[in-house]
Amino acid sequence: MFADHFYDDLAVFADVFQDSRDAAPTAAFDGAALADPARLVPLLVRFGEHTECTEARARASQWSKYFFARLGIATLVVQAATDRALAFDLTTLAVVCDDDATTAQFLLPGDAVMATDPPGHDFSALIDAAFAPVVSALSRHCGLAPRVFWSNAGVYFHWALGELERQGRLPAARLARIRALTNQRRRPDGGFNPFYRVYKPCPPDTLDGNDEPADHCRRLCCMRDLEPSLGLCSNCPRAMHLRTPKRATG
(Lines give C-alpha, C1' and ligand atoms only; values in the text may rest on other atoms or scores of the structure.)
Protein backbone atom coordinates (compact mmCIF):
# COMPACT_ATOMS: atom_id res chain seq x y z
CA MET A 1 0.00 0.00 0.00
CA PHE A 2 2.88 2.35 0.85
CA ALA A 3 5.72 0.00 -0.06
CA ASP A 4 7.64 2.52 -2.17
CA HIS A 5 8.42 4.57 0.97
CA PHE A 6 10.46 1.83 2.68
CA TYR A 7 14.19 1.42 2.03
CA ASP A 8 17.22 -0.38 3.42
CA ASP A 9 16.70 -1.75 6.93
CA LEU A 10 13.16 -0.39 6.95
CA ALA A 11 12.17 -2.39 3.86
CA VAL A 12 11.08 -5.34 6.01
CA PHE A 13 8.11 -3.21 7.10
CA ALA A 14 6.99 -2.38 3.55
CA ASP A 15 4.04 -4.80 3.58
CA VAL A 16 2.73 -4.01 7.07
CA PHE A 17 -0.07 -1.80 5.72
CA GLN A 18 -2.43 -3.32 3.20
CA ASP A 19 -5.50 -1.82 1.55
CA SER A 20 -8.46 -3.80 2.84
CA ARG A 21 -10.10 -3.51 -0.59
CA ASP A 22 -7.19 -5.28 -2.28
CA ALA A 23 -6.16 -7.74 0.41
CA ALA A 24 -6.56 -11.43 -0.37
CA PRO A 25 -8.89 -13.40 1.94
CA THR A 26 -7.07 -14.00 5.20
CA ALA A 27 -7.74 -14.84 8.81
CA ALA A 28 -7.90 -11.14 9.62
CA PHE A 29 -9.76 -10.04 12.72
CA ASP A 30 -11.08 -6.78 14.10
CA GLY A 31 -8.29 -4.63 15.55
CA ALA A 32 -10.46 -3.85 18.57
CA ALA A 33 -9.74 -7.40 19.75
CA LEU A 34 -6.25 -6.26 20.75
CA ALA A 35 -7.79 -4.01 23.40
CA ASP A 36 -10.03 -6.73 24.82
CA PRO A 37 -8.17 -8.92 27.33
CA ALA A 38 -10.57 -11.79 26.72
CA ARG A 39 -9.56 -11.85 23.05
CA LEU A 40 -5.96 -10.73 23.51
CA VAL A 41 -4.92 -13.36 26.05
CA PRO A 42 -5.32 -16.32 23.66
CA LEU A 43 -2.87 -14.58 21.31
CA LEU A 44 -0.41 -14.14 24.16
CA VAL A 45 -0.78 -17.77 25.19
CA ARG A 46 -0.16 -18.95 21.64
CA PHE A 47 2.85 -16.66 21.39
CA GLY A 48 4.20 -18.08 24.65
CA GLU A 49 3.79 -21.64 23.46
CA HIS A 50 5.52 -20.84 20.18
CA THR A 51 8.46 -19.03 21.79
CA GLU A 52 8.63 -21.01 25.04
CA CYS A 53 8.07 -17.76 26.92
CA THR A 54 5.32 -18.59 29.39
CA GLU A 55 5.90 -16.11 32.25
CA ALA A 56 2.91 -13.80 31.79
CA ARG A 57 4.74 -10.48 32.24
CA ALA A 58 7.74 -11.35 30.06
CA ARG A 59 5.42 -12.85 27.45
CA ALA A 60 3.27 -9.73 27.26
CA SER A 61 6.31 -7.45 26.99
CA GLN A 62 7.90 -9.55 24.26
CA TRP A 63 4.66 -9.80 22.27
CA SER A 64 4.16 -6.04 22.54
CA LYS A 65 7.48 -5.38 20.84
CA TYR A 66 6.20 -6.91 17.60
CA PHE A 67 3.01 -4.86 17.78
CA PHE A 68 4.83 -1.60 18.46
CA ALA A 69 7.56 -2.27 15.92
CA ARG A 70 5.28 -3.19 13.04
CA LEU A 71 2.49 -0.67 13.52
CA GLY A 72 4.69 2.09 14.94
CA ILE A 73 7.53 1.90 12.45
CA ALA A 74 5.19 1.58 9.46
CA THR A 75 3.21 4.61 10.64
CA LEU A 76 6.34 6.67 11.22
CA VAL A 77 7.75 5.93 7.78
CA VAL A 78 4.48 6.66 5.96
CA GLN A 79 3.82 9.89 7.82
CA ALA A 80 7.40 11.09 7.43
CA ALA A 81 7.39 10.28 3.71
CA THR A 82 4.02 11.87 2.94
CA ASP A 83 4.09 14.62 5.59
CA ARG A 84 0.48 13.70 6.42
CA ALA A 85 -0.93 11.84 9.38
CA LEU A 86 -2.65 8.49 9.06
CA ALA A 87 -6.22 8.55 10.29
CA PHE A 88 -7.03 5.27 12.02
CA ASP A 89 -7.86 3.63 15.31
CA LEU A 90 -8.19 0.03 16.36
CA THR A 91 -11.81 -0.12 15.25
CA THR A 92 -10.91 0.79 11.67
CA LEU A 93 -8.07 -1.72 11.41
CA ALA A 94 -8.17 -5.39 10.59
CA VAL A 95 -5.22 -7.39 11.88
CA VAL A 96 -3.37 -10.36 10.42
CA CYS A 97 -1.10 -12.38 12.71
CA ASP A 98 1.86 -14.59 11.96
CA ASP A 99 1.89 -18.22 13.06
CA ASP A 100 3.45 -17.17 16.38
CA ALA A 101 0.46 -14.86 17.09
CA THR A 102 2.42 -11.64 16.65
CA THR A 103 0.78 -8.90 14.62
CA ALA A 104 2.13 -8.97 11.08
CA GLN A 105 -0.12 -6.79 8.90
CA PHE A 106 -2.78 -4.14 9.35
CA LEU A 107 -5.53 -3.76 6.77
CA LEU A 108 -6.59 -0.15 6.30
CA PRO A 109 -9.75 1.25 4.72
CA GLY A 110 -7.99 2.61 1.66
CA ASP A 111 -10.61 5.20 0.81
CA ALA A 112 -10.04 7.20 4.02
CA VAL A 113 -6.49 6.61 5.16
CA MET A 114 -4.75 9.98 5.16
CA ALA A 115 -6.02 12.76 7.41
CA THR A 116 -6.61 16.07 5.71
CA ASP A 117 -5.47 18.24 8.60
CA PRO A 118 -2.77 16.84 10.96
CA PRO A 119 0.74 16.95 9.48
CA GLY A 120 3.17 14.06 9.36
CA HIS A 121 4.76 14.87 12.71
CA ASP A 122 1.42 14.45 14.50
CA PHE A 123 1.25 10.93 15.97
CA SER A 124 -1.81 11.51 18.13
CA ALA A 125 -3.89 8.85 16.38
CA LEU A 126 -1.14 6.25 16.68
CA ILE A 127 -0.57 6.99 20.37
CA ASP A 128 -4.09 7.62 21.64
CA ALA A 129 -6.27 5.50 19.37
CA ALA A 130 -4.03 2.52 18.60
CA PHE A 131 -1.23 2.15 21.15
CA ALA A 132 -2.99 3.31 24.34
CA PRO A 133 -5.86 0.74 24.28
CA VAL A 134 -3.40 -2.11 23.75
CA VAL A 135 -1.06 -0.87 26.49
CA SER A 136 -4.01 -0.72 28.86
CA ALA A 137 -5.14 -4.24 27.99
CA LEU A 138 -1.65 -5.71 28.34
CA SER A 139 -1.06 -3.98 31.66
CA ARG A 140 -4.39 -5.13 33.09
CA HIS A 141 -3.68 -8.68 31.98
CA CYS A 142 -0.19 -9.19 33.34
CA GLY A 143 0.31 -6.48 35.96
CA LEU A 144 3.32 -4.75 34.39
CA ALA A 145 3.21 -0.97 34.66
CA PRO A 146 2.07 0.77 31.47
CA ARG A 147 5.37 2.66 31.32
CA VAL A 148 7.16 -0.62 30.51
CA PHE A 149 5.09 -1.08 27.37
CA TRP A 150 5.35 2.60 26.41
CA SER A 151 9.12 2.29 26.68
CA ASN A 152 9.04 -0.63 24.25
CA ALA A 153 7.04 1.52 21.82
CA GLY A 154 9.45 4.42 22.15
CA VAL A 155 12.55 2.35 21.50
CA TYR A 156 11.31 1.23 18.09
CA PHE A 157 10.16 4.73 17.18
CA HIS A 158 13.62 6.11 17.98
CA TRP A 159 15.37 3.38 16.01
CA ALA A 160 13.25 3.91 12.90
CA LEU A 161 13.61 7.68 13.07
CA GLY A 162 17.37 7.25 13.25
CA GLU A 163 17.23 5.05 10.16
CA LEU A 164 15.25 7.69 8.24
CA GLU A 165 17.80 10.32 9.25
CA ARG A 166 20.67 8.06 8.20
CA GLN A 167 19.11 7.32 4.82
CA GLY A 168 18.81 11.03 4.01
CA ARG A 169 15.99 10.50 1.51
CA LEU A 170 13.49 12.83 3.19
CA PRO A 171 13.72 16.59 3.78
CA ALA A 172 15.86 17.28 6.84
CA ALA A 173 13.45 19.91 8.15
CA ARG A 174 10.60 17.40 8.08
CA LEU A 175 12.57 14.84 10.07
CA ALA A 176 13.70 17.58 12.45
CA ARG A 177 10.06 18.26 13.35
CA ILE A 178 9.63 14.60 14.23
CA ARG A 179 12.93 14.51 16.14
CA ALA A 180 11.75 17.52 18.16
CA LEU A 181 8.90 15.38 19.44
CA THR A 182 11.38 13.11 21.22
CA ASN A 183 12.63 16.11 23.21
CA GLN A 184 9.23 17.29 24.44
CA ARG A 185 7.50 15.96 27.55
CA ARG A 186 4.08 16.63 26.00
CA ARG A 187 2.93 16.47 22.41
CA PRO A 188 2.10 19.77 20.66
CA ASP A 189 -1.60 19.05 21.28
CA GLY A 190 -0.89 18.63 25.00
CA GLY A 191 -1.26 14.85 24.97
CA PHE A 192 0.98 12.22 26.52
CA ASN A 193 4.22 11.67 24.61
CA PRO A 194 5.71 8.15 24.98
CA PHE A 195 8.65 9.01 22.73
CA TYR A 196 10.15 11.47 25.21
CA ARG A 197 13.36 10.47 27.00
CA VAL A 198 13.30 6.82 26.02
CA TYR A 199 17.05 6.60 26.54
CA LYS A 200 19.41 7.92 29.18
CA PRO A 201 23.13 8.72 28.93
CA CYS A 202 25.76 6.39 30.35
CA PRO A 203 28.96 7.51 32.09
CA PRO A 204 32.31 7.18 30.32
CA ASP A 205 33.76 3.68 30.02
CA THR A 206 30.33 2.01 30.14
CA LEU A 207 29.91 -1.34 28.41
CA ASP A 208 26.59 -2.85 27.39
CA GLY A 209 25.38 -6.40 27.84
CA ASN A 210 27.57 -7.53 24.94
CA ASP A 211 30.62 -5.81 26.45
CA GLU A 212 30.49 -3.19 23.71
CA PRO A 213 31.08 0.53 24.47
CA ALA A 214 27.80 2.33 25.18
CA ASP A 215 27.09 6.03 25.60
CA HIS A 216 23.36 5.53 26.22
CA CYS A 217 20.90 2.81 27.17
CA ARG A 218 17.19 2.27 27.62
CA ARG A 219 15.72 4.26 30.48
CA LEU A 220 13.47 1.37 31.51
CA CYS A 221 13.99 -2.39 31.50
CA CYS A 222 11.48 -4.35 29.41
CA MET A 223 11.36 -7.08 32.10
CA ARG A 224 11.79 -9.89 29.63
CA ASP A 225 14.29 -11.57 31.97
CA LEU A 226 11.35 -12.58 34.17
CA GLU A 227 11.49 -15.51 31.75
CA PRO A 228 14.87 -16.93 32.89
CA SER A 229 15.78 -18.29 29.46
CA LEU A 230 15.71 -14.81 27.89
CA GLY A 231 18.03 -12.80 30.12
CA LEU A 232 18.56 -9.06 29.72
CA CYS A 233 18.63 -7.09 26.48
CA SER A 234 22.09 -5.78 25.61
CA ASN A 235 20.93 -2.16 25.96
CA CYS A 236 19.03 -2.72 29.21
CA PRO A 237 19.97 -0.32 32.01
CA ARG A 238 20.50 -3.34 34.25
CA ALA A 239 23.03 -4.78 31.78
CA MET A 240 25.24 -1.69 31.71
CA HIS A 241 28.54 -1.97 33.56
CA LEU A 242 31.78 -0.06 33.78
CA ARG A 243 34.92 -1.27 32.09
CA THR A 244 37.18 -2.87 34.68
CA PRO A 245 40.49 -0.95 34.76
CA LYS A 246 43.53 -3.10 34.05
CA ARG A 247 45.78 -3.40 37.06
CA ALA A 248 49.39 -2.38 36.69
CA THR A 249 51.89 -5.23 36.85
CA GLY A 250 55.61 -5.48 37.25
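Residues numbered from 1 in each chain as written. Predicted model: local features only at pLDDT ≥ 70, side-chain atom pairs only at ≥ 80, totals over all residues. Heavy atoms only, no water.

Q: Quick rundown of the sheet that holds strand β2 (residues 29–30)? Include the residues and the values.
A: One open sheet holds the four strands; their spatial order is β1-β5-β4-β2, and the pairing between them is mixed. The outermost strands of the open sheet, each flanked by one partner alone, are β1 (17–19) and β2. Note: β2 against strand β4 (residues 94–97), two bridges, orientation antiparallel. Residue pairing for β4: phenylalanine 29 is matched across the bridge by valine 95. Packing of helix α2 (residues 56–82) onto the sheet brings it into contact with β1 and β5 (103–108), and relative to β5 it is tilted by some 40°. (Pairing = 2+ DSSP bridges. Helix = DSSP H or I, 4+ residues; strand = E, 2+ residues; numbered from the N terminus. Contact = heavy atoms within 4.5 Å. Axes fitted to C-alpha atoms, helices over the stretch in contact; angles between N-to-C directions.)

Q: Residues and numbers for the state of the cysteines, please.
A: By the definition in use, this model includes zero disulfides. The closest cysteine sulfur to the non-disulfide-bonded cysteine 97 is located on cysteine 53, 16 Å from its own sulfur. With no disulfide of its own, cysteine 221 lies closest to cysteine 236 among cysteine sulfurs, the gap being 3.7 Å. On the accessibility criterion, cysteine 221 (11% relative accessible area) is buried. (Disulfide = S-S within 2.5 Å. Buried < 20%, exposed > 50% of the residue type's maximum accessible area, 1.4 Å probe, protein only.)

Q: Describe the nonpolar core, with residues and values.
A: Taken as a class, soluble globular proteins show a tendency for nonpolar side chains to be buried jointly. The biggest cluster of nonpolar side chains holds 60 residues, and the ones touching the most others in it are Phe2, Phe6, Phe17, Trp63, Phe67, Leu71 and Phe123. The set of elements that each furnish at least two residues to this core consists of α1 (37–51), α2, β4, β5, α3 (124–142), α4 (146–167) and α5 (172–181). Top element by residues in this core is α2. It accounts for 13 residues. Discounting chain neighbours no more than four positions away, the residues touching phenylalanine 6 are Ala11, Phe13, Ala14, Ala74, Val77 and Val78. By size, the runner-up hydrophobic cluster in this structure holds five residues, among which are Cys221, Cys233, Cys236 and Ala239. (Core = buried A, V, L, I, M, F, W, Y, C linked by side-chain atoms within 4.5 Å.)

Q: Describe the pairing of β4, listing the residues and the values that go with them.
A: Examined bridge by bridge, β4 and β5 share four bridges and lie antiparallel to one another. If you follow valine 96 over to β5, its bridge partner there is glutamine 105. Taken together, β4 and the strand that follows it, β5, pair antiparallel across an intervening segment of five residues, in which alanine 101 is found at a positive phi of about 75°.

Q: I'd love a proper account of the packing of aromatic side chains, names of residues and values included.
A: Applying the stated rule across the entire model yields twelve aromatic pairs. Judged by centre distance (5.4 Å) and plane angle (55°), the ring pair of phenylalanine 67 and phenylalanine 68 falls under tilted. Summarising the burial analysis for this pair, phenylalanine 67 and phenylalanine 68 share the class buried. Each ring, one from phenylalanine 157 and one from phenylalanine 195, has its centre 3.8 Å from the other, and the planes form 5°; the classification is stacked. With phenylalanine 157 in helix α4 and phenylalanine 195 in the loop between α5 and β7 (199–201), this residue pair connects regions lying 38 residues apart in the sequence. The class of phenylalanine 195 is buried, set by a relative accessible area of 0%. Aromatic ring contacts, followed pair by pair, group Trp63, Phe67, Phe68, Phe106, Phe131, Trp150 and Phe192 into a single cluster. (Phe/Tyr/Trp six-rings, centres within 6.5 Å; stacked < 30°, edge-to-face > 60°.)

Q: Hey, could you go over the pattern of salt bridges for me, with residue numbers and the actual values?
A: Applying the stated criterion across every chain yields a total of ten salt bridges. In this structure, the salt-bridge partner of arginine 57 is glutamate 55, at a minimum N-O distance of 2.8 Å. Exposure remark for arginine 57: the relative accessible area of 34% places this residue in the partly exposed category. Judged by relative accessible area, glutamate 55 falls into the buried class, the value being 19%. (Salt bridge = Lys/Arg side-chain N within 4 Å of Asp/Glu carboxyl O.)

Everything listed here is a matter of geometry and, on its own, says nothing about what the molecule does.
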